[in-house]
Amino acid sequence: MKTVSRILIALLALIVVAACVFGGVYFTRFQSIASIEKLSDYADYNLYRMDVKYDYNLDGVLNAGIHDNQSFIDALLKESLPLLPIKMKAPDFGCSAFTALDADGTVRMGRNYDFKNDSSAMLVYCAPKGGYRSVATAALDNISANTPDNLKTKLSCLTAPFICLDGLNEKGVSIAVLTLDSEPTFQQTGKPTLATTVAIRLVLDRAATTEEAVELLRGYDMFATSGRDYHFYITDASGDGRIVEYDCMSETRELVATPVRAVTNFFAMYSDEVLPDQKNGVYGHGKERYEKIEAVLTANEGAQDEETAWDALKAASQLPKEGDVTSNTQWSIVYNNTDLTAAITIRRDWDTRTSYSLSGK
C-alpha cells in the first residue's frame, strides 16, 4: 500500500510540475489569444487583430537549420506552439506594391494581396524585446483559421508573427512579399537559412531603413517556401523603395536590390523581357497591373495624396480568375511611412477602411 501511495504521489507531482511548465510557457500565449478581436462583420471572411504578448525568439527560428518546407514549419511551431501537436501548411503569395511620394514629402506604400484562396486577414501587433514595434498582416487561410473562434484556430494564430505577408514598423520601414514564376530560390553558400515569411519578421523587427533591410537579407541564404519563388518590396520613411530579388539567371541566385516605384509579379531587374497580359516564362507576369499603377502615379505627379494610393490599388486589384494563383485581391493597404499609420480594406470593399497607428494604440 505504501508503495502504491508513493507512486500516486510521484505521479501527482509530475502532473503538477507538467502543468506548471505548460502554464509558464503558455501564460503570455493565452494572453495573446485573449486579445484576438474581430474588426469587421462580413458573412464569410473578416478582418481580425491580435496583440502578440509572448516573447518570441526570432534568433531561435533563424538558427533552426531550415532546409525544406517541413523544417520551416517545424521551426515556426517549435517557437510559437511548443508542446502541442499543431499542423500547418506553408503559404503562397501574389500581389502588387508601390511607393507614392506626396508633394509635402509624405511617403506611402500601397499593397494589394492577391491570392486565389479566399482568406480572412489578421493585423498582428508585435513589440519584441530589443526590436521595433510593428503591425503586419497575416492570411488566416494559410493556417486554416479563417474563423478564429475556437481553441484550435486561436492556437494556430500564435504562429502569426512568422507568417505575415506585409507590414510596417515604428521606424517607417514597410515590406511586402510577392510571388514570381521562376524556380524557388534555395541559396546554399554556408550562411544561416532564411525562409520567406521569416524574412518579413526579420526586417520588421530589426531594420530602421531600406538599406538596413537589404543588408540584413544579404546575411542569409534564402529558402523560398511552398514550391514558389518570391521577391520583397521594401520602402522606408525617406522614400527609398527597392525590390529585393534573387536573380533567376544567376547560378547562385545572387541577391539584387533594384530601386523601383512599383512592382507586381515579374522580375524588375528583367522588366524589358516582360510584356503585359501574358506569362513571360521565368521572368514573371502581371506587367499590365504594374502599368496601371504607374499610370495613376504619373497622372498625379507632384500632387499625390492618400487617395492617389487608393486609386492605384483599385486600378491594380483583381477579381477571382480560374487557374490564376495571383488573382482575387484579398486585402489592400496604404501604409503611411511618415506618420506611421495605415488603412486596410478587405474583399475589395473600397468604401470600408480600417485605420490603425503605430504612434499610439
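Throughout this document, residue positions are counted from 1 along each chain, in the order its sequence is written. The predicted origin of the model limits local features to residues at a pLDDT of at least 70 and limits the giving and counting of side-chain atom pairs to 80 or more, whereas totals for whole chains, interfaces and linings rest on all residues. With hydrogens and water stripped out, all remaining heavy atoms of the structure feed into the side-chain values.

## Digging into the overall build of the chain
This is how it is decided: In this text, helices come from DSSP runs of H or I with a minimum length of four residues, and strands from runs of E with a minimum of two, each type numbered from the N-terminal end. Only protein chains enter the area calculation, which uses a 1.4 Å probe; residues under 20% of their type maximum are buried, those over 50% are exposed, and those in between are partly exposed. The contact definition used throughout considers only heavy atoms, calling two residues in contact when any of these lie within 4.5 Å. Computed with a 1.4 Å probe, the accessible areas rest on the Shrake-Rupley method; for each residue, only the protein chains presented here act as cover.
Helix and strand content of the chain: eight helices and 19 strands. Burial analysis of the chain (361 residues in total) assigns 57% to the buried set. Restricting the contact set of the chain to residue pairs at least 6 apart, pairs at least 24 apart contribute 66%. Accessible area of the chain: about 15000 Å², with a carbon and sulfur share of 53%.

## Comments concerning the packing of helix 5 (residues 196-206) against helix 6 (residues 210-218)
Two quantities define a packed helix pair, namely the angle between the axes and the distance from one axis to the other. Keep this limit in mind: Lines are fitted to the C-alpha atoms to define the axes, a helix being fitted only along its stretch in contact, and any angle between axes, read from their N-to-C directions, falls within 0 to 180 degrees. Angular relationships are summarised with four words: roughly parallel below 35 degrees, roughly antiparallel beyond 145, roughly perpendicular across 65 to 115, and oblique for the angles in between. For a crossing to be left-handed, the near helix must be turned anticlockwise from the far one by less than a right angle; the clockwise case is right-handed. Residues are grouped as follows: nonpolar covers Ala, Val, Leu, Ile, Met, Phe, Trp, Tyr, Cys and Pro; charged covers Asp, Glu, Lys and Arg; every other residue, Gly included, is treated as polar.
Closest axis-to-axis distance for the helix 5/helix 6 pair is 10 Å, and the angle between their directions is 135°. Our classification of the angle between helix 5 and helix 6 gives oblique. The handedness of the crossing between helix 5 and helix 6 comes out as right-handed. Where helix 5 approaches helix 6, its residues Ala199, Leu202, Val203 and Arg206 are matched on the opposing element by Glu212, Ala213, Leu216 and Leu217. Broken down by class, the residue content of the contact of helix 5 with helix 6 amounts to six nonpolar, no polar and two charged.

## What about helix 7 (residues 287-299)?
Put simply, the rule is: Helix span is expected to be 1.5 Å times the residue number reduced by one.
Taking 1.5 Å per residue, 13 residues should reach 18 Å; helix 7 reaches 18 Å between its end C-alpha atoms and fits that length. When we look at burial in helix 7, the residues that qualify are Lys287, Glu288, Arg289, Ile293, Glu294, Val296 and Leu297. The elements touched by buried residues of helix 7 are strand 3 (96-101), strand 4 (107-114), strand 14 (262-263), strand 15 (265-266), strand 16 (284-285) and helix 8 (306-316).

## Here we look at empty space enclosed by the protein
Definition in use: Of the two site types, the cavity is a set of points on a 1 Å grid over the protein atoms alone where a 1.4 Å probe fits but cannot get out, and the pocket is an open set with protein on both sides within 12 Å along at least five of seven lines, each lined by residues with an atom within 4 Å of a point. Grid points are joined across faces, edges and corners, and a volume is the space filled by probe spheres set on the points.
In this structure the tally under the stated criterion is one cavity of 30 Å³ or more. When its volume is computed, the largest cavity comes out at roughly 30 Å³. Here the element with the most residues in the lining of the largest cavity is strand 11 (residues 229-235); it accounts for three residues. Grouping the constituent residues of the lining of the largest cavity by class yields five nonpolar, two polar and one charged.

## Considering the packing of helix 7 against helix 8
One can describe the packing of helix 7 onto helix 8 by two numbers: an axis separation of 8 Å at closest approach and a directional angle of 155°. The angle between the axes of helix 7 and helix 8 places the two elements in the roughly antiparallel class. In the packing of helix 7 onto helix 8, the handedness of the crossing is right-handed. Together, Arg289, Lys292, Ile293, Val296 and Leu297 of helix 7 and Thr308, Asp311, Ala312, Ala315 and Ala316 of helix 8 make up the contact between the two elements.

## Some words on the sheet that holds strand 3
Quick reminder of the rule: The pairing criterion is simple: DSSP has to find at least two bridges between the two strands.
The six strands lie next to each other as 14-3-4-17-18-19, forming an open sheet whose pairing is antiparallel. Of all strands in the sheet, those bounded by a partner on one side alone are strand 14 and strand 19 (354-357). Of the pairings in the sheet, the one linking strand 17 (residues 329-336) to strand 18 (residues 341-346) comprises six bridges and is antiparallel in character. Within strand 18, the position partnered with Asn336 by the bridge is Thr341. Sitting on the sheet, helix 7 touches strand 3, strand 4 and strand 14, and the angle it makes with strand 3 is about 15°. The sheet strands contacting helix 8 are strand 3, strand 4, strand 17 and strand 18, and the helix crosses strand 17 at an angle near 160°.

## Points about the side chain of Arg108
Heads up, the rule is: Under this definition, polar contacts are N or O atom pairs within 3.5 Å; protein pairs additionally need one hydrogen-donor-capable and one acceptor-capable atom, and for neighbouring residues in sequence, both atoms have to be side-chain atoms.
If you trace the backbone, Arg108 turns up in strand 4. Given the relative accessible area of 10%, Arg108 is considered buried. Of the polar contacts made by the side chain of Arg108, one reaches the side chain of Asp102; its length is 2.3 Å. Every residue in contact with Arg108, bar those within four places of it in the chain, is listed here: Phe98, Thr99, Ala100, Asp102, Asp305, Glu306, Val334, Tyr335, Asn336 and Asn337.

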